[in-house]
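Geometric and topological summary
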Amino acid sequence: MKNFSYPLEQDWSTDEIVTVTTFYRQIEDAYELSQGVTVDALLSAYSAFKQIVPSKSQEKRLGKQFERLTGYSWYQTLKTARETSKKSVKMTIGG
């Protein structure tokens, strides 16, 4: 597993940072773990993330920063999770 500096906001509380990094970790695990992540866990983490980041523009900005830092697209990961009939999502870079 690689070490990344996740994009975080300075005004977030410790609990909010934990919630956001849990979502980031789900995206990371979808790419890095051989079994990927469960769709339920990913979508649950995203739902919690949206409680902290309700703004679409802030979400897009953080998503672009995250992808630039990691190479992992949370847009593609969430899209795949929503469209699959499988219980888990395994991503590959560029796919």
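Here the structure is shown first, and the text comes after it.
Residues numbered from 1 in each chain as written. Predicted model: local features only at pLDDT ≥ 70, side-chain atom pairs only at ≥ 80, totals over all residues. Heavy atoms only, no water.

**Notes on the nonpolar core**
Core analysis: the biggest nonpolar cluster contains 24 residues, and F23, Y24, I27, F49 and W74 have the highest contact counts within it. Counting only elements with at least two residues in this core, the list comes to helix 1 (14-32), helix 2 (39-52), helix 3 (56-70) and helix 4 (74-83). Excluding its chain neighbours within four sequence positions, the residues that come into contact with I27 are L42, F66, Y72, S73, W74 and T77. (Core = buried A, V, L, I, M, F, W, Y, C linked by side-chain atoms within 4.5 Å. Buried < 20%, exposed > 50% of the residue type's maximum accessible area, 1.4 Å probe, protein only. Helix = DSSP H or I, 4+ residues; strand = E, 2+ residues; numbered from the N terminus. Contact = heavy atoms within 4.5 Å.)

**Notes on helix 2**
With 14 residues, helix 2 extends 20 Å from end C-alpha to end C-alpha; this agrees with the ideal 20 Å at 1.5 Å per step. Every buried residue of helix 2 is listed here: V39, L42, A45, Y46, F49, K50 and I52. Axial view of helix 2: buried residues confined to an arc of 145 degrees, hence all on one face. What points out from helix 2, more than 90 degrees from its buried face, is the exposed set D40 and Q51. Buried positions along helix 2 lie against helix 1, strand 1 (37-38), helix 3, helix 4 and strand 2 (88-89). (Expected span 1.5 Å × (residues − 1). Arc of directions from axis to C-beta.)

**Topic: the environment of T21**
By secondary structure assignment, the location of T21 is in helix 1. Taking the C-alpha atoms as reference points, T21 and Q65, 44 residues apart in sequence, are found 14 Å from one another.

**Some details on the pattern of salt bridges**
Considering all chains together, one arrives at five salt bridges under this definition. Note that R61 and E9 form a salt bridge whose closest N and O atoms lie 2.7 Å from each other. Placement of R61 in helix 3 and of E9 in the segment before helix 1 is noted, with a sequence separation of 52 residues between them. For E9, a relative accessible area of 19% translates into the label buried. A salt bridge links K50 to E59, with the nearest nitrogen and oxygen atoms 2.7 Å apart. (Salt bridge = Lys/Arg side-chain N within 4 Å of Asp/Glu carboxyl O.)

Remember that the coordinates give geometry; whether it matters functionally is a separate question.
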